[in-house]
Structure formats: structure tokens, C-alpha cells
Amino acid sequence: MINQTLTQLRQLKLNGMATALAMQTEQPGNYDNLSFEERIGLLTDSEQHEREQRKQQRLLKSAKLKIHAHARDIDYAQPRGLKQAMMASLLQCDWINKHQNLLLTGPCGSGKTYLACALAHTVCTKGYSAKYYRISRLMLELAQGKADGTYSKALQQLARLDMLILDDWGLEPLNSAQRNDLMEIMDDRNGSSSTVIISQLPTDQWYQSIGDNTLADAILDRLMHNAHRINLKGESMRKLQSELTHRDHLG
């Protein structure tokens, strides 16, 4: 009967419950003193935990993060203007609930992308959706969407993301169509989701990088009016890590 029940649970995709029931069957001495209600409670807890784990893995896979980053590995020792209290606050994800944005600026190698990916990892573990894009790659996908008829669907998918990361902001000039695409994205997401911008350029140069004053005003107003800001400074973290590794090898 137990084997039949386990088979039925798995057919119903209640794998967490099936795993917990098998454990109760294999280790009866650990559960003999529990009531029926308590044992059922353990089964449902196991099912819920497994579903949450599967959801987290699905969200992390869909996020396509550039770096496998984790909040516990963020380096606060280097003097680069990163405040631990601010990161601790952002890692609580209240800003995601409030649909606020984050602007990450600083020189190449200062750790902007790592911080964004660490935040996105935490966001996904809390059940929110996230996705990472280099902005040039996103513009290319949208251009292809216009050609094959999937443009509207792509915009809808972007609008539904709880957290959208756009890396290399301002690195390449935008053409007219790309500026309009950005406007569509920001307008859809304004007040309903969170956007993270990563740029080597300071924010006061973003108007010029967009290339059209009217659209720049509209795009940046939607980004900046409720945004948290982190401006990193100092030497390249990649360079420092390389030097440390080299010293370790020298021993």
C-alpha cells in the first residue's frame, strides 16, 4: 500500500510529500510518537519546501545572471565607497516591493555587475523574478522581435520582471529606434517593477549618452525619481584580485 501511495504522490507531482513519506516509512522509530496530524504536517512542510526550492532554481536559471554572485561574498574591506548598511537594506528586498530602482555607477572593474548579480540572486531566492541583459544584447533581441513579430511579447515579458538589470548603460550610442525601445521599457516598468542600471558613466552624463533630449528627459525621469544610488570608486577589483592571486602563487 505504501508503494502504491508513493507512486500516486509522484504521479500527482507531490514529490516532496513522497520523499517525506518514504523517510517516515524507512525510519518508523523517529515518528511513532507523533500524531496523525503532526505527521501530515511534516509531509506538507516537505512538499512546500521542495516547491520553493524548485521555484528558486527556475527563477535563477531564467535570470541568466552574468556572474554567479552571492551576498555573503561581497567584499566590504576595499575602500570603494560601498556601504554595508545600504547593501544590507537592499538585500531585504523592500525596494523590490516598493518598485524602486537602483543606479550602479563606477569605473570598469569596480564590482558593479557582481553587486547587481548578488542582489538578483537574493531576489530570486525570495521568490521574485529577475533577468540580466547587456543593453546592446537587449536592443538586438528587440530589433529581431520587430522582424519576426515577437516584439510586443518581448516587451510584455520585460514588463512582468520584478527586477531587470541593464548592464553597460551608455557604453555605445543609441539610434532612434533603440531610444524608442528604451522609452517603451521604462514606461511599462515605471511604478510597477524595479530596474537596475549599471554604467561606467556618472549619472550627469546619461542625458548626453541617450542622444535625444526629449526622450532622455522622459526615460531618466522614470529611472531616477525613486532610485537608490551606489557610486563605486577606487581601483579595479579584478586587478586587486589578480594581484592577490599572484602573491599567493609566489607564496
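- As annotated in an unreviewed UniProt entry, the protein carries the name Insertion sequence IS1162 putative ATP-binding protein and is attributed to Paraglaciecola polaris LMG 21857.

1. Some words on the overall build of the protein
Next up, step 1: On a plain count of helices and strands, the protein comes out with twelve helices and five strands.
Next up, step 2: Taken over C-alpha atoms, the radius of gyration comes to 23 Å for the protein, far larger than the 18 Å a tight globule of 251 residues would show.
Next up, step 3: Taken along the three principal axes of its C-alpha coordinates, the protein extends 70 × 60 × 30 Å.
Next up, step 4: For the protein, buried positions account for 41% of its 251 residues.
Next up, step 5: Of the roughly 14500 Å² of accessible surface on the protein, 49% is carried by carbon and sulfur atoms.
Next up, step 6: For the protein, the centre of its 30 positive side-chain charges and the centre of its 28 negative side-chain charges are spaced 3 Å apart.

2. A few points about the sheet that holds strand β4 (residues 194-199)
Next up, step 1: The strand order across the open sheet built from five strands is β2-β3-β4-β1-β5, with neighbouring strands paired in parallel fashion. The open sheet has two edge strands with one neighbour each: β2 (130-134) and β5 (227-231). Neighbouring strand axes in the sheet, compared pairwise and without regard to direction, differ in orientation by 15° on average.
Next up, step 2: Of the pairings in the sheet, the one linking strand β3 (residues 163-167) to β4 comprises four bridges and is parallel in character. Considered in β4, the bridge of Leu-164 is made with Thr-195.
Next up, step 3: Along the sheet face, helix α6 (residues 112-125) touches β1 (101-105), β2, β3 and β4 and points at about 165° away from the line of β3.

3. Side note on empty space enclosed by the protein
Next up, step 1: Overall, the coordinates contain two cavities of 30 Å³ or more when judged by the stated rule.
Next up, step 2: Considering only enclosed or pocket space, the largest cavity measures out at about 70 Å³ in volume.
Next up, step 3: Around the largest cavity, the lining residues are His-99, Asn-101, Met-186, Arg-189, Asn-190, Gly-191, Ser-193, Thr-195, Arg-222, Leu-223, His-225 and Asn-226.
Next up, step 4: When residues of the lining of the largest cavity are traced back to their parent elements, those giving at least two are α9 (176-189) and α11 (213-224).
Next up, step 5: Taken together, Arg-134, Ile-135, Ser-136, Asp-168, Leu-171 and Glu-172 form the lining of the second largest cavity.

Reading the values: rules and limits
Residues numbered from 1 in each chain as written. Predicted model: local features only at pLDDT ≥ 70, side-chain atom pairs only at ≥ 80, totals over all residues. Heavy atoms only, no water. Helix = DSSP H or I, 4+ residues; strand = E, 2+ residues; numbered from the N terminus. Rg over C-alpha atoms; globule rule 2.2 N^0.38 Å. Buried < 20%, exposed > 50% of the residue type's maximum accessible area, 1.4 Å probe, protein only. Areas by Shrake-Rupley, 256 points an atom, 1.4 Å probe, with all protein chains shown as cover. Lys, Arg positive; Asp, Glu negative; His and termini not counted. Charge placed at Lys NZ, Arg CZ, Asp CG, Glu CD. Pairing = 2+ DSSP bridges. Axes fitted to C-alpha atoms, helices over the stretch in contact; angles between N-to-C directions. Contact = heavy atoms within 4.5 Å. 1 Å grid on protein atoms, 1.4 Å probe; cavity = no way out; pocket = protein on both sides within 12 Å on 5 of 7 lines; lining within 4 Å. Points joined across faces, edges and corners; volume = space filled by probe spheres on them.

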